[in-house]
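One-letter residues, chain by chain:
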2 protein chains.
Amino acid sequence: MSIDALCINTLRTLAMDAVQKADSGHPGLPMGAAPMAYVLWQRHLKHDPSNPHWPDRDRFVLSAGHGSMLLYGLLHLMGYAVTLDDLKAFRQWQSNTPGHPEVGVTPGVEATTGPLGQGNANAVGMAIAERMLAARYNRPEFPLFDHFTYALMGDGCAMEGITSEAASLAGHLQLGKLIVFYDSNDVTLDGPAQVSMSEDVGARYSAYGWQVLSVANGDTDISAIDSAISEAKEESGRPTLIIVKTTIGFGSPKKAGTSAAHGSPLGVEEVAATKRALGWPESPPFYVPNEVRAHFLKAEKANRGRRLHWEELLSRYRRANPQLGAELDRVLAGKVPSAVHSLAPPITSAPIETRSAAGAAQNAFALEMPELVGGDADLGGSTKSVLKDLGSFGPGHWGGRNIHFGVREHAMAAIANGICYHGGLRPFVATFLVFSDYMRPAVRLAAMNHLPVTFIWTHDSIAIGEDGPTHQPIEHLMAMRAIPNLVIFRPADAAETIEAWRSALLRTDGPTGLVFTRQKVPFIDRTVCAAADGLHCGAYVLAEASASTPKAILIGTGSEVAVALEAREVLEKAHVPTRVVSMPSMELFAKQPESYRDAVLPPAVTCRVSVECGITWGWERWTGSAGASVGIDRFGASAPASTLLREYGITPQNVVDTVRRLLSPRD
Amino acid sequence: MSIDALCINTLRTLAMDAVQKADSGHPGLPMGAAPMAYVLWQRHLKHDPSNPHWPDRDRFVLSAGHGSMLLYGLLHLMGYAVTLDDLKAFRQWQSNTPGHPEVGVTPGVEATTGPLGQGNANAVGMAIAERMLAARYNRPEFPLFDHFTYALMGDGCAMEGITSEAASLAGHLQLGKLIVFYDSNDVTLDGPAQVSMSEDVGARYSAYGWQVLSVANGDTDISAIDSAISEAKEESGRPTLIIVKTTIGFGSPKKAGTSAAHGSPLGVEEVAATKRALGWPESPPFYVPNEVRAHFLKAEKANRGRRLHWEELLSRYRRANPQLGAELDRVLAGKVPSAVHSLAPPITSAPIETRSAAGAAQNAFALEMPELVGGDADLGGSTKSVLKDLGSFGPGHWGGRNIHFGVREHAMAAIANGICYHGGLRPFVATFLVFSDYMRPAVRLAAMNHLPVTFIWTHDSIAIGEDGPTHQPIEHLMAMRAIPNLVIFRPADAAETIEAWRSALLRTDGPTGLVFTRQKVPFIDRTVCAAADGLHCGAYVLAEASASTPKAILIGTGSEVAVALEAREVLEKAHVPTRVVSMPSMELFAKQPESYRDAVLPPAVTCRVSVECGITWGWERWTGSAGASVGIDRFGASAPASTLLREYGITPQNVVDTVRRLLSPRD
């Protein structure tokens, strides 16, 4: 058996054995895609197992994340900190070889994948980041950033809409250093792919502006794979799709080429039969021939040399460009500039849309943070999220900081995740709050993977008015708050908006959702009310009751804080001492010590009324069983905003009436 | 001016005037797309304004819903119940001309659109429904179902992933009676489309297997539009995309061809200037020439004749095929067969996965309900949602009741919506609960539009085990419950599963989400516990406390009801009288009278503990301020299910400990 075949069959049998031992997993993809992965990793991939975070390494994203054992096998053989014992602990509690690849769990894993299509969009984000960093930091003789981004997808990924969005944008942006393998095995979980798919994927990618190459026999034709990769690397003006025809579960006498090899262990007998068919010893399991180890070790050493060369280049760069070098070190470390802590953009006393206040704040912070880049889904004019005078990203303008994602919300979010995964940049993305639903799977992955993406969601209530119920968020605030590790802010005024942006930028261990109004909100006089930096505790006493112990507490968020303040005026005049709490972030408030929470919402004060333009369910945590909520538990309608707010009862009067009902004995 | 030009300019000026009067809206698309819409509606569309529900009418979906005034103008001129006063009330409170088209609000509107891409997928659903109904009801000489489905999309729709998914599936299914206009005006909200889009949409659709036709001058070349439609109708084996190059805001001297015409009123002066340029009287606004009215009236009369002819055909059909005729009348009326009320599929006492119990129930109901059709996103084997022996839908097998959607969750849900919009069928769609996120925008529209889609979501907790956090729902139950008018069921056993399916099928005014386990749940002995039909109240006392007044109440859903029952045993032995409440549907329980809710959860019993494999937030509504929740407020992990449940504390012991903590005085 040639050394290549030995290596490839090692990957195949490791996958089979690990899935069998776990009695759970997907052996088919690793067995079919092992040749292309092997050729890529052994002959082309620029990386260094001894330093998985080398900034200029090539990125490899296994978009078809269910084939995780292919990746773990490669990482093990290449010398990453993935041992044979780790492979034997595949899919077990606290192992570093979970069912689907997870960033931060396994060294060398570049993206958490599994939900299909996400990895493809992550890879586009990485390729964008590479071009951006090259534009800002490369200098003559200092090609600090010059790497490829590879992804591997299957039929499932190819069918997902997010893949289409990402591929279309990648073609538009002419991301020539993006190379995607399409493991075309014609089999999906439920059977032959032709049951649900008959499109010409290659022609589709050509239509997107990609170079499309094909390998007719991906099971054994190593040199064809090798040539295709070389050809892909030479094309600098277009991303490349390499369609590799393979056999799922290659080698398995009974299951190769069928969906039986897709998502279940082959079975002890079929594993043995497959090993015989591959010319492999039936035992021991997890067998790695010594030649294979030696062969991978050689590649590892070569890789290390490339990395050390790059480190040396970076040292010289720092000397030649001390300022840029320091900035680069900072952004690669993910450190936030100290100016972000203290920046105080001006605020006027005029009523303002929080989206506009946000755009101003964002632009001010952007001047302090060159790493802040991002864009919108064809709504920059409405979300006010454009970075002024900082250029548009695109071919020949790789230094532009605004990315025009088009009407592709889902890919936009996943691309932002990819930019974060890459490192060196801090992305934001913007659209209307109602369309956060389109982005939701990617938002969840940002939260799961501690990615500091800033999601900007404007037009945050029925107060958008005439566009009607399809464009009016009702349940979105609560539904987004439900995602673990996502922090949502809905600021009440310009001052809170600035603090919300500050908090988002200072957060480095997870995503933040910033929710802004389309309509103007009143100025809150902070010389009378409390300072806006209370936002960093999630909630704070904005306006105190006239008496030392309030009789009622009104809790508002965003534009409804003004409603609460107006209601307070009425109640105070009626001799009901009323406190107003601004609660821009429930999640942060929930994390405060009990003593602080009790200080803001004293347990003895049970007359609590929340007011928020959204569903009331979920507010019980703060209003308590004896409290009440003013909100909206049905869909919106098309009409001017003032009409809607009146008809839906988002009014000071309704808040006042609710308080009075709570304070009166029952009829 | 020719009569065609007069009619087209009437549509253009009505749109301009209505948007101007509302001071809000999108004039650009109606002005550009008026010619193609006029030719379609005037010369081709089979419909009857006097009976907007004629089952065999052609369907027209304005996927680019922001161009609503185009549709309202057509409906007005065609003779639907949309008056000139209605047009003048565009975007006003309780008018029938809301900002985006809404089904049920405006006669003649076939789908609620606005969130981009949804309409395209709805249209695919309608085209599927047409083929299905034709296969089951058409008989020689009785072509009861033989209509086209048209959609109109813009650049925004073309960029959305859901459109790609739907178009790929439509090509695969060879839906020859689906015809989509692509209003290619090269302008989106933020500017020229080329800022974010350079793909070849026609080539992409060809790759999907569509016929692609082009009209070079869609602003004035009426006959080219007419020919393209005719050619599209003649192609029976492929859907057709007609790319029509147009000028957004055609006629506007200053704004035509720019994004300024997209989403804002033209302004009083520019409206006047545009009318002059179009050779139109500047006043009055909303001017409709008499010749135009007469011309549309003629078309209306011809249409009525076609409908009356069809009614007569149906009468003869009923006589020739009385049984089928009665069934057809029933399904078109959306009436559920009475057998659904009483059907009692057998239950055994063995532990069972609720997904499997669900599959059995679903198949039993399917035999009583020929209108029950649907499918899954390449997970039929896992969701157990396949209708056995009832065939796969596809070319030449239009009678098949299983639709293989492929890995296209978002389009799947929106296609189900389209099938509902069409009428005559009751769709279900299935995937894993975690992927409900991919479908969310379409689920919301099902809820908003009262569409009785059944969403099947299996693999409903960390108990899926090894696939890990990317596949483990945590926040999804609560996030789905947040959508107004969506009813979620998470049944505890086979008996509740049957009732949940029954409830879903009996519901005709909105969607139902059915949430099932991957793992087995214990049999609940209903001779000891309460009957499962308590499910129809949302929650019910499953196991009563030994004392007349319980000291503790445990509230469980789905697989955690068994955890609660086990905990109850322990507590009862320790002399804590404990009631167990099964709460398969929070939404239904919330709708019960207070007396019932207080009977199930007596206000006096404040020691209440919920147990659910998901976020705890939101449970306060039922546990009250003095209660507690056992749940999961972080992401899952990859490991065997039993390990995960132990590590995450979803155990009877943890429930018992929580009760004891609540009952003991604080430390």
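Everything numeric in this text was worked out from a predicted model, so none of it was measured. Within each chain, residue numbers correspond to sequence positions counted from 1 in written order. Working convention: letters from A go to chains and numbers from 1 go to ligands, in the order in which they are written. Two thresholds apply to this predicted model, a pLDDT of at least 70 for residue-level local features and 80 or more for giving and counting side-chain atom pairs, whereas whole-chain, interface and lining totals are computed over all residues. Side-chain numbers come from the whole structure's heavy atoms, not from hydrogens or water.

**Student:** Tell me about the packing of aromatic side chains, residues and numbers included.
**Tutor:** Any Phe, Tyr or Trp ring, taking Trp's six-membered ring, that has another such ring centre within 6.5 Å forms a pair; planes under 30 degrees apart are called stacked, those over 60 apart edge-to-face, and the others tilted. Evaluated as defined, the whole model comprises 34 aromatic pairs over all chains. Taken together, a centroid distance of 5.2 Å and an interplanar angle of 55 degrees make the contact between Phe393(B) and Trp398(B) tilted. In this structure, Phe393(B) and Trp398(B) share a single accessibility class: buried. Within the aromatic cluster, the residues linked to one another by ring pairs are Trp41(A), Phe60(A) and Tyr80(A). By definition, being over a ring means that NZ of Lys or CZ of Arg is both within 6 Å of the ring centre and within 35 degrees of the ring normal. Positioned above the aromatic ring of Trp398(B) is the side chain of Arg131(B), whose terminal nitrogen or guanidinium carbon lies 6.0 Å from the ring centre. The ring of Phe148(B) is capped by Lys177(B), whose NZ or CZ atom sits 4.4 Å from the centre of that ring. A simple rule labels every residue: compare its accessible area, found with a 1.4 Å probe on the protein chains alone, to the largest value its type can have, and call it buried under 20%, exposed over 50%, or partly exposed in between.

**Student:** With reference to specific residues and values, describe empty space enclosed by the protein.
**Tutor:** Site definitions follow a grid-based scheme: protein atoms alone, a 1 Å grid, a 1.4 Å probe that fits but cannot get out for cavities, and for pockets an open set with protein on both sides within 12 Å along at least five of seven lines, plus lining residues having an atom within 4 Å of a point. Grid points are joined across faces, edges and corners, and a volume is the space filled by probe spheres set on the points. Counted according to the given criterion, the structure contains 10 cavities of 30 Å³ or more. If you trace the largest cavity, you find 16 residues lining it, with Glu165(A), His410(A), Tyr438(A), His410(B) and Tyr438(B) closest to the centre. Where the lining of the largest cavity is concerned, the elements lending two or more residues are helix H7 (161-172) and helix H17 (436-448) of chain A together with helix H7 (161-173) and helix H17 (436-448) of chain B. Polar here means any residue outside two lists: the nonpolar Ala, Val, Leu, Ile, Met, Phe, Trp, Tyr, Cys and Pro, and the charged Asp, Glu, Lys and Arg; Gly therefore counts as polar. The residue inventory of the lining of the largest cavity, partitioned by class, reads six nonpolar, four polar and six charged. Helix numbers and strand numbers start at the N terminus; a helix is a DSSP run of H or I with at least 4 residues, a strand a run of E with at least 2.

**Student:** Any chance you could break down the relation of the copies chain A and chain B for me, citing the residues and the numbers?
**Tutor:** The transform that puts chain A on chain B rotates by 180 degrees and translates by 0.0 Å along the axis, for an RMSD of 0.0 Å. This pairing of chains is accounted for by a two-fold axis. Residue Gly161(A) of chain A places its C-alpha closer to the rotation axis than any other residue of that unit, at 1.8 Å. When you check the interface residues of chain A against chain B, 100% turn up at the interface there too, and the contact is symmetric in its surfaces. Copy-to-copy alignment: least squares on C-alpha atoms, limited to residues at pLDDT 70 or above in both. Contacts are residue-level and defined by heavy atoms, with any inter-residue pair within 4.5 Å sufficient.

**Student:** Lay out the nonpolar core with the relevant residues and their values.
**Tutor:** We call a set of buried Ala, Val, Leu, Ile, Met, Phe, Trp, Tyr and Cys residues a nonpolar core when their side-chain atoms join them within 4.5 Å. Counting 168 residues, the largest nonpolar core has Ile128(A) and Ile128(B) as the members making the most contacts within it. Leave out the neighbours within four places in its chain, and Ile128(A) touches Leu173(A), Leu175(A), Phe393(A), Ile403(A), Ile415(A) and Ile419(A). By size, the runner-up hydrophobic cluster in this structure holds 100 residues, among which are Val561(A), Tyr540(B), Ala552(B) and Val581(B).

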